[in-house]
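In case you want the letters, here they are:
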Amino acid sequence: MPVITVERQILKKNDEVAAENRRIFQENNIFTINLLSSPGSGKTSLLEKTLQQIAEQFKVAVVEGDVQTDNDARRIDKVGIPVVQIVTRGGCHLEAKLVQDALSNFDLTHLDFLVIENVGNLVCPAGYDLGEAKKVVMLSTTEGDDKPLKYPAMFRVANIMIINKTDLLPYVDFSMETVRQNALQINGNLKIFELSCKTGTGLDSWISWVRKHLA
Amino acid sequence: MHELSLAQNILDIVREYLPNQQKTLEEVHVQIGSLMAVVPDSLIFCYETLVHNTPYAASKMVVHILPVKAICNLCNTVTEVKNDIFICPECGAKDLKTLQGNELIVSHLEVR
């Protein structure tokens, strides 16, 4: 049977737009993170609790991705941070083009830090580059310390892992040592933060890490 | 799941290579790295759904799953990664670079 050789990346289109986004971020000196987790880990809470402090010194903006509602954008707006909501209407992840379209809402020349809060999902967003500098994956102590083993693709591509809800450790079967071991055997280069958005414990070192990339 | 989105992208590539009906598409072969968390049956189902009532309706998708391979950044040992454990079997280092496993590729089309 005649064969036509193709050898094409299935997500080539997305990768090309992501490369454009990355160039836009670099040209404007914007540090961009792609924030990923399961639904309910605390992505929006982390932003609520830390962006105001960062915004004292730097220009910050947020792109919110959700399947439905603008609830998260309203929470970010409430703390005074410019925000654009992308509603995917069923789509399980953000794609580079959606982010690029959202960028027109911001004054990029004066922006220092952009957070793209992805749709809550530990599977699909792992495969879609958005042009970010770092992928930050969050998990919370109520989800179980085997999350990295269950979603290896996500933890393999992430640069940073945040463990949230450490205030609940006395009440849940979650071992900090086990989760670290599980995550580091998949990705030995992961940098790990332990924090509680509820009590504020550990937020300082996260904020310092962000500031270090903005200076 | 994102299999539908992947299947749509695959169909777009097929359309680009076979825009007219001079040749009939028999099989579209794709390579999927096993790190990509793609379910082959689901991808095939989505593809078959999308090509329904198109010139490619009779075509089949063949999925080739590629195992994960990595190289140790310390001792350069190349290893096949099993159970997502990225630890060098030679020196025990955790600093491994993925060589294979992230693929999402349309490799070739078989036509008649």
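Refer to the structure presented above.
Residues numbered from 1 in each chain as written. Chains lettered and ligands numbered in written order. Predicted model: local features only at pLDDT ≥ 70, side-chain atom pairs only at ≥ 80, totals over all residues. Heavy atoms only, no water.

We now examine the overall build of chain A. Across its full length, chain A holds eight helices and eight strands. Taking 215 residues into account, the globule formula puts the C-alpha radius of gyration at 17 Å, and chain A, at 17 Å, falls close to it. Structurally, chain A occupies a C-alpha span of about 65 × 45 × 35 Å along its principal axes. A buried classification covers 57% of the 215 residues belonging to chain A. Entry remark: accessible area of chain A is about 9400 Å², with carbon and sulfur atoms responsible for 46%. Side-chain charges in chain A split into 24 positive and 27 negative, and the spacing between the mean points of these groups amounts to 1 Å. (Helix = DSSP H or I, 4+ residues; strand = E, 2+ residues; numbered from the N terminus. Rg over C-alpha atoms; globule rule 2.2 N^0.38 Å. Buried < 20%, exposed > 50% of the residue type's maximum accessible area, 1.4 Å probe, protein only. Areas by Shrake-Rupley, 256 points an atom, 1.4 Å probe, with all protein chains shown as cover. Lys, Arg positive; Asp, Glu negative; His and termini not counted. Charge placed at Lys NZ, Arg CZ, Asp CG, Glu CD.)

A word on the overall build of chain B. A count of helices and strands for chain B gives two helices and six strands. For chain B, the N- to C-terminal ordering of α and β elements is α-β-α-β-β-β-β-β. Computed over the C-alpha atoms, the radius of gyration of chain B is 18 Å, more than 25% above the 13 Å expected from 2.2 N^0.38 for a compact globule of 112 residues. Counting only C-alpha atoms, chain B reaches 55 × 25 × 15 Å along its principal axes. Per-residue burial for chain B yields a buried fraction of 46% across its 112 residues. Surface summary for chain B: the accessible area is close to 5700 Å², and the carbon and sulfur share equals 50%.

The next thing to look at is the side chain of threonine 88 of chain A. All names here are of chain A. Considering the arrangement of structural elements, one finds threonine 88 in the loop between strand E4 (83–87) and helix H4 (96–103). With relative accessibility at 16%, the residue threonine 88 sits in the buried group. A distance of 2.6 Å separates a polar side-chain atom of threonine 88 from the backbone oxygen of glycine 91. Setting aside chain neighbours within four positions, we find threonine 88 in contact with Asp66, Val67, His93, Leu94 and Val119. (Polar contact = N/O pair within 3.5 Å; in protein donor to acceptor, adjacent residues only side chain to side chain. Contact = heavy atoms within 4.5 Å.)

The subject of this paragraph is the interface of chain B and chain A. With 34 residues of chain B at the interface, the matching set in chain A holds 27 residues. Carbon and sulfur atoms supply 59% of the area that chain B and chain A bury against each other, a total of about 2900 Å² over both sides. Taken together, the connections running from chain B to chain A amount to two salt bridges. Every element with two or more residues in the side of chain B that touches chain A is listed here: helix H1 (3–17), strand E1 (25–33), strand E5 (96–100) and strand E6 (104–111) of chain B. Class assignment of the residues belonging to the side of chain B that touches chain A gives a composition of 20 nonpolar, six polar and eight charged. Where strand E1 (residues 3–9) of chain A and E6 of chain B come together, five bridges link them in antiparallel fashion. Following the sheet pairing, isoleucine 4 of chain A is matched in E6 of chain B by leucine 109 of chain B. (Buried area = accessible area lost by both parts, 1.4 Å probe. Salt bridge = Lys/Arg side-chain N within 4 Å of Asp/Glu carboxyl O. Nonpolar A, V, L, I, M, F, W, Y, C, P; charged D, E, K, R; others polar. Pairing = 2+ DSSP bridges.)

Let us look at the packing of aromatic side chains. Counted according to the given criterion, the structure contains five aromatic pairs over all chains. A centroid spacing of 5.7 Å and a plane angle of 80° characterise the contact between phenylalanine 193 of chain A and tryptophan 206 of chain A, whose relative ring orientation is edge-to-face. Placement of phenylalanine 193 of chain A in strand E8 (residues 191–194) and of tryptophan 206 of chain A in helix H8 (residues 203–214) is noted, with a sequence separation of 13 residues between them. For phenylalanine 193 of chain A, a relative accessible area of 5% translates into the label buried. Taken together, the ring pairs in this structure connect Phe31, Phe113, Phe193, Trp206 and Trp209 of chain A into an aromatic cluster. Across from the ring centre of phenylalanine 86 of chain B, 3.6 Å away, lies the NZ or CZ of arginine 156 of chain A, which sits over that ring. (Phe/Tyr/Trp six-rings, centres within 6.5 Å; stacked < 30°, edge-to-face > 60°. Lys NZ or Arg CZ within 6 Å of the ring centre and 35° of its normal.)

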